[in-house]
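# Per-entry structural report
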Amino acid sequence: MHNDELCLHEFAHVIETAQVHSTRRRAESCRENTYNSFRRVVSSSGVSRSPNSSAWRSVLQTRSNTVSRRSRAMPHVGLRVKRRFRDRGGVSYLPDPFVEYGDVNSAWVARSRWQYSSEISTTCSSSSSSSSSPRTFLDAHFVDGIATFLIDDTVVLKSDNAFLRNYVDITNVVKPSSKIRIIFESPVDVSNARRDAYPFHVTQGGNGFFDNGASIAPNFIRKDASSWGWDWGIGLVPSGVWGEVRVVEVPVARLRQCGALVYVASDEQYAVQVTCMADVASQTSSLRLEARLVISSEQHIAASSNVDDSGVAQLTLSVPSKQVKLWWPNGLGDQPLYDVHIDLLDQSDAVDQSQVSVGFRNVQLVEPATPNDEPGRLMQFVVNGVEVFAKGANVIPVHVIQDHETPEATLTLLRAAVRANFNIVRVWGGGHYMPSHFYRQCDELGLMVWQEFAFACSEYPTDGEYLRSVSEEVRDVVARLGHHPSLVLWSGNNENLAYASQGPRNLTAYNQLYENTVRSTLALVDPWRSFWPASPSNGMLVDDPQRQLYVIRWDGDEQDPSQGDRHYYDYGPNCMNVSNLPPTRFMSEYGLQSLPSLASLATQMKPSDLHIGSPLLQHRQHHLNGWEELNAQLRRYFASPTGKAGSIVEFDAYIYLTQLLQARCIGAWTETWRRRRDEAGYYTRGAMYWQLNDVWHAPTWSSVEFGGHEKMLHSTIRRAFAPLAVVGWLDAHAETVSISFVADELPASALAKGACKLELSSHPWRGEKPTHVQTFDCQLSKHASSMIVSQPIEKVLGEGATVRSHFVRATVYATGMPTAFSHIYPSDADPLGFQAVALPTAHITVTVPDQVKANFATVMISTDFPAVGVWLEAGGGPDHLSERLHGYWSDNSFDLVANEKRNVTFFLDDNDDAAAVDLAQLRKLLRVVHLASATAPTKKEEGVAVN
C-alpha cells in the first residue's frame, strides 16, 4: 500500500555556479570560474544537478561500523520523503519515518556520526597576496546540528546554532583544487554530554518523545526543540543544512546581508533604516551604499552612506507619510508593499545589489488602564490608530524536515488562515524561525506575526559561549526578518517564566538569558517594535531601550487574569459550559484534541491500524492522559459511534465525533473571549487557539491537518472570527439565554439606524418549522461587542417546549453583511448531552450542478429534519479511502434547521493544476456526515442522496 521511500541522501542540493560579478575586472589573472555551491532543489525526480556538479561521498560512522557510498547530491543526515522509489545503485533507503513506526525505526540516524565530502576547484590561487586579489568565502546558512566544515583538513567553521547564517573567509585555505568535508556529530550524544558536564542542573521540559522517551537534552543545542518530539509531534532530530551552502569568489566586494527597519519618525514622516554588511576584497576600494525606495515609476526616495572599515553601512530614508499607503491586517484594509533597491558602489561602478520590500504601518502592543479603572491593565494591539481584536492561532513548524517547508506548503497554510478570518499568527518558540517566504506571504496576506525567539518549556544554559551565540542569533534574525511589515511583535519565550520561580539561581539565569541577552541585544538592533517578555506573562514593568533598563512585571504568577496573556488547558469540566472559562486580558493559547481525517491517517497507517485503540494510534498519542480526557468528553455529549465494533466504519464515526467535539467546544470558547472584549471583569482583546497546523497525522489540537486538509474546527473558527458574528450562550445554570453581536470593521450600511435585526427562533427536533419566533432591533458598532437580548430559557423556547424537545437559532440580518447564525442547544447543560435528545434521522439531499468551467463548484444541500454538525467531504470515507479531491468548502461543519436549503461551494486547492472541478468525481466521492448519522445504531447512508 505504501510505496513512499526515504533516501538517506535526502538533502537534495546541486553544485552550481555562485559568483559575485564586478563591472570592473580587478583580477584579470583569475578567469570567470564556476564555483561549487550547494543549494536545495525540490523536483519531481528528487535530485537535480547542474552540468558542473561534482559527486559527494558520504560516510556513515557509527560505533560498530563504517559504511561508505557515493551520491550525486549532498546528503542530509535527516530524512526526506521520496515519492517515487528508484534504484540508485547502492544508495540505501529507509522507510518513510512518518509511516507506521518509522519514527522509532529511524532513531539511529540521529545517533550516528555523518561525514560528507566533495571537491571544489578554482583557478585562483590562495597564494595571491596583492591588494586587488579576489577573496573567497564559504557561506553556510542554517546548519542544523553539530557540524564541522573542513577544507583540506583545515577546520574553517564549527557550527552548533541552526538559526544562524554563517560567512567564513577561506581565501588563505582554499587551493585551485581542494576537498571540502562536513562532519555532523550525533546531536543526541553531544547534547547529553553537554548536559552531563554542566556545573548545575538545567531543567528540560517534559516532551521526551524521541526514540520512545530516550534520554535527551535538546535545550543544550540551538536547534528546533520540537524536532525532538512534542506532545503533538514526531521526534526525528534531523540534522543538515537547510539553507544555502556555497563557495563564492569576491573580486571587489559583495553585500553579505542587508536588512531594513521601518519606524514612525513623526506624525508626518516614516523612516526606513537600511543596514548592510559587506565583504571587501580590495583594500583600495572606496565603497558606498545607495538605497532607493520606489514609491511609483516616477517617484523614488534615495539616500547613500559610506561603508566603514568593518564593512558596515547604514543609512536612513525619510518618507513623508502622505506619499505612501498604509499596510493593514486582513479584514481592515490593503497590504501595499514598496521595494527598496540597494546598490554597493565602488566609485561609480555597482559591484553588488540587493532588494527588500517594506510596508508602512504603526503597530503597537499597548497596556492602558481598563475602561472602568478596575485592577490591572489591558493587552491591546493598536494598528494605525485602530484598536484591533487579535484573531488567530499558534503556528508550529510546517514540517519537521525543514526543506519541505516550501513556498507552496506555507502558502496553503496561510491562505487557510485568511479564509478563517485570521489577522494574526503566533510563531511559537518551541520550533524554528520560519523561512523567509513565510513572512513575505504574511506581508501579502495581511497576517500580523507574533514572533517568539526559539525558547520553550525548558531552562537553558547561561554560560558565556551560549549567551554569545544567542546574542548573535538575535542580531541575525532581526537582520533577516526585520523589514517585514507583518512582523509586529517580538517575544522572549514560551512558558519559561515558571522555571524562574524555582530558586535564586533559576531567577538569575532567567534574567541573564532573556533580559540581559535577548532583550538587550534586540533593543540595539530593533528598538522600535513592541516586545513581550514571554507567553504567558504580565508584560514589562520597565522596557526602556534608551536607558537600557528591562524589568519584567512578575510576582510569581505569570497567569494573572488582570494583566497580560494566559494559556488555558483544562480538560476536566463540561467544555460547553463557558462560565467555566477564566477571565483574561488576552488568551494566547487554548485548545482541545481531535483526530485527523480517515483519509489522512490512511496515508501513514495500514488498514489494520485504522480502528479505535490500535497500538499505532496509542503510540502516536503523546499527550499524557489524552485518550482518557478526550473519551470522557465524548461520553459526556454523544452516543457511541455507529458501526460494528473494531470496524473502519466505527473508526470513521469516532473521528467525526472527536472533530465535532473540538469544533463545538473551541468554537464556543473563541466566541466567548471575543464577546468579552468590552465586558467588565474581562476586557479580552485577543484569542489565539492552539494550534493551527500539524507535522504528522496523530491526535493533536490542530484545525488544519498535516498536508492542508481542514478539520471541522477550522470552519467553525471561520464563523467565530467573522467580521460580524452572533454569539448565543447559556448561563452557568442553563436558566438564561443571551445573545450578543461582535464586530470588527463594518461597512457604513451595517452601522445605520435600523440596519440590524435579530431573529430568535425556537425549533422542535421533530417539527417542520419553528414554534416560537421573536424579533429585535439591534444597533451595531464596529470594533465592539454588545449584548442584544437576555431572556429566561422558558421565554425563548416558548410555551410547551422543553430543553429536550427544542433548540434555539439566533439570526442577525445586517445591511451589506452576510447573515450570521448561532445555535443554542439546551441539551449541552443536560448530563446526557445530545443523548438526552431523540435526534431525528435527517434525510439530506445534495444537488451537484451539471456543468462547471472553473476550479470551484457550488452545490445545494437541503434537509427535512434538523441536522447538527453537517460535514461535507469530497471523498476519503471508508468506501473511498484513497480517493479524495483536494480542496476546501466555503462553509462546513454547520447546523441546519428543518426544511432548510443552503448553497456551499467546493474549491480545488490553489496548487491544483486542474482547470475545473471534475463533477463526475465530485458526485461519486461526495459524502455528508452529521451527528445523527454518526451515532445511529447502524450505518445509515440511505439518509443522504447526491444528485
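The sections below set out a description of the structure shown in this document. (Residues numbered from 1 in each chain as written. Predicted model: local features only at pLDDT ≥ 70, side-chain atom pairs only at ≥ 80, totals over all residues. Heavy atoms only, no water.)

## Notes on the sheet that holds strand E24 (residues 363–366)
Pairing between the strands of a sheet comes from backbone hydrogen bonds, and it takes one of two forms, parallel or antiparallel. Strands sit in the order E24-E25-E26 across an open sheet of 3 strands; the sheet is antiparallel. Each edge of the sheet is formed by a strand with only one pairing partner; in this case those strands are E24 and strand E26 (386–388). Sheet twist, expressed as the mean angle between neighbouring strand axes with direction ignored, is 30°. Where E24 and strand E25 (residues 380–383) come together, 4 bridges link them in antiparallel fashion. Looking at the pairing, Leu 365 lines up with Phe 381 of E25. (Pairing = 2+ DSSP bridges. Helix = DSSP H or I, 4+ residues; strand = E, 2+ residues; numbered from the N terminus. Axes fitted to C-alpha atoms, helices over the stretch in contact; angles between N-to-C directions.)

## Brief notes about the side chain of Asp 694
Tracing the backbone through its elements, the reader meets Asp 694 in the loop between strand E36 (686–689) and helix H13 (712–720). The side chain of Asp 694 sits in the buried core without any salt bridge; Lys 711 is the nearest counter-charge, 4.4 Å away. Polar side-chain contacts of Asp 694 include one of 3.2 Å to the side chain of Gln 691. Within polar-contact distance, the side chain of Asp 694 engages the side chain of Ser 702 at 2.7 Å. For Asp 694, the contacting residues outside a window of four places in its chain are Ile 396, Pro 397, Val 398, Thr 700, Ser 702, Val 704, Glu 705, Phe 706 and Lys 711. (Buried < 20%, exposed > 50% of the residue type's maximum accessible area, 1.4 Å probe, protein only. Lys, Arg positive; Asp, Glu negative; His and termini not counted. Salt bridge = Lys/Arg side-chain N within 4 Å of Asp/Glu carboxyl O. Polar contact = N/O pair within 3.5 Å; in protein donor to acceptor, adjacent residues only side chain to side chain. Contact = heavy atoms within 4.5 Å.)

## What to know about the packing of aromatic side chains
In total, this model carries 39 aromatic pairs according to the counting rule given. Both rings, one in Tyr 198 and one in Phe 220, keep their centres 5.3 Å apart while their planes meet at 75°; by these two values the pair is edge-to-face. With Tyr 198 in the loop between helix H3 (187–197) and strand E15 (240–241) and Phe 220 in the loop between H3 and E15, this residue pair connects regions lying 22 residues apart in the sequence. According to the relative accessible area criterion, Tyr 198 is buried, its value standing at 16%. With a relative accessible area of 4%, Phe 220 lands in the buried category. Ring centres of Trp 765 and Phe 807 lie 4.7 Å apart, and the angle between their planes is 45°; this geometry places the pair in the tilted category. Linking Trp 765 in the loop between strand E39 (756–764) and strand E40 (772–777) with Phe 807 in strand E42 (residues 806–814), this pair joins segments that are 42 residues apart in sequence. (Phe/Tyr/Trp six-rings, centres within 6.5 Å; stacked < 30°, edge-to-face > 60°.)

## Section: the pattern of salt bridges
Per the stated rule, a full pass over the model turns up 46 salt bridges. The salt bridge partner of Arg 685 is Asp 678, with a shortest N-O separation of 3.5 Å.

## Looking at the packing of helix H12 (residues 648–675) against H13
Between H12 and H13, whose axes approach to 8 Å, the crossing angle comes to 20°. In terms of orientation, H12 lies roughly parallel with respect to H13. As for how H12 packs across H13, the hand of that crossing is right-handed. On H13, the residues that touch Tyr 656, Gln 659, Leu 660, Gln 662, Ala 663, Ile 666, Gly 667, Thr 670, Glu 671 and Arg 674 of H12 are Met 712, Leu 713, Thr 716, Ile 717 and Ala 720. Taken together, the residues that form the contact of H12 with H13 break down as 8 nonpolar, 5 polar and 2 charged. (Parallel < 35°, antiparallel > 145°, perpendicular 65-115°, else oblique. Left-handed = near helix turned anticlockwise from the far one by under 90°. Nonpolar A, V, L, I, M, F, W, Y, C, P; charged D, E, K, R; others polar.)

## Some points on helix H4 (residues 407–419)
Here H4 contains 13 residues, and its C-alpha end-to-end distance of 18 Å stays within 8% of the 18 Å for a straight helix at 1.5 Å per residue. Taken together, the buried residues of H4 touch strand E27 (390–395), helix H5 (436–445) and H13. One or two steps after H4, the chain reaches Asn 421, where phi turns positive at roughly 65°. (Expected span 1.5 Å × (residues − 1).)

## Re the environment of Gly 708
Looking at the element boundaries, Gly 708 is found in the loop between E36 and H13. The class of Gly 708 is partly exposed, set by a relative accessible area of 24%. Residues Gly 708 and Ser 600, 108 residues apart in the sequence, show an inter-C-alpha distance of 9.9 Å.

## Observations concerning the sheet that holds strand E38 (residues 736–743)
Across the sheet, 3 strands lie side by side as E37-E38-E41; this open sheet has antiparallel pairing. Two strands bound the open sheet, and with one partner strand each, they are strand E37 (724–730) and strand E41 (784–792). Taking each pair of neighbouring strands and ignoring which way they run, the sheet shows an average axis angle of 20°. Here E37 runs beside E38; their pairing, made up of 7 bridges, is antiparallel. What sits directly across from Leu 724, in E38, is Ala 743. Of the strands in this sheet, E37, E38 and E41 touch H12, which is tilted by about 105° from E37.

## Regarding unusual backbone geometry
A cis amide bond links Ser 535 with the next residue in sequence, Pro 536, at an omega value of 0°. With respect to the helices and strands, Pro 536 occurs in the loop between strand E31 (530–532) and strand E32 (540–544). For the bond from Trp 690 to Gln 691, the omega torsion is 10°, close enough to zero to count as cis. Mapped onto the secondary structure, Gln 691 falls in the loop between E36 and H13. Positive phi values are uncommon outside glycine, yet Ser 893 reaches one of about 50°. Among the structural elements, Ser 893 can be located in the loop between strand E47 (887–889) and strand E48 (894–896). Classification of Ser 893 as buried rests on a relative accessible area of 5%.

## Quick word on the pairing of strand E50 (residues 926–929)
The side-chain alternation of E50 yields two buried faces, one formed by Leu 926 and Val 928 and the other by Arg 927 and Val 929. Across 4 bridges, strand E46 (residues 867–874) lies against E50 in antiparallel orientation. Note that in E50 the partner of Glu 873 across the bridge is Arg 927.

## Regarding the state of the cysteines
Counted under the stated rule, the structure contains 3 disulfides. Put simply, Cys 575 and Cys 665 are joined by a disulfide, and their sulfur atoms are 1.8 Å apart. Linking Cys 575 in the loop between strand E34 (565–568) and strand E35 (586–590) with Cys 665 in helix H12, this pair joins segments that are 90 residues apart in sequence. What makes Cys 575 buried here is its relative accessible area of 4%. (Disulfide = S-S within 2.5 Å.)

## Brief notes about the layout of surface pockets
Each pocket or cavity is described by its volume, and for the second largest pocket that value is around 1200 Å³. Considering the residues around the second largest pocket, the lining is formed by 44 residues, among which His 141, Phe 142, Arg 165, Ser 436 and Arg 480 are closest to the centre. When contributions to the lining of the second largest pocket are tallied by element, the ones reaching two or more residues are strand E3 (37–40), strand E9 (135–141), strand E13 (165–169), strand E17 (253–266), strand E23 (349–358), H5 and helix H6 (464–481). Per element, the largest residue contribution to the lining of the second largest pocket is 6 residues, and it comes from E23. (1 Å grid on protein atoms, 1.4 Å probe; cavity = no way out; pocket = protein on both sides within 12 Å on 5 of 7 lines; lining within 4 Å. Points joined across faces, edges and corners; volume = space filled by probe spheres on them.)

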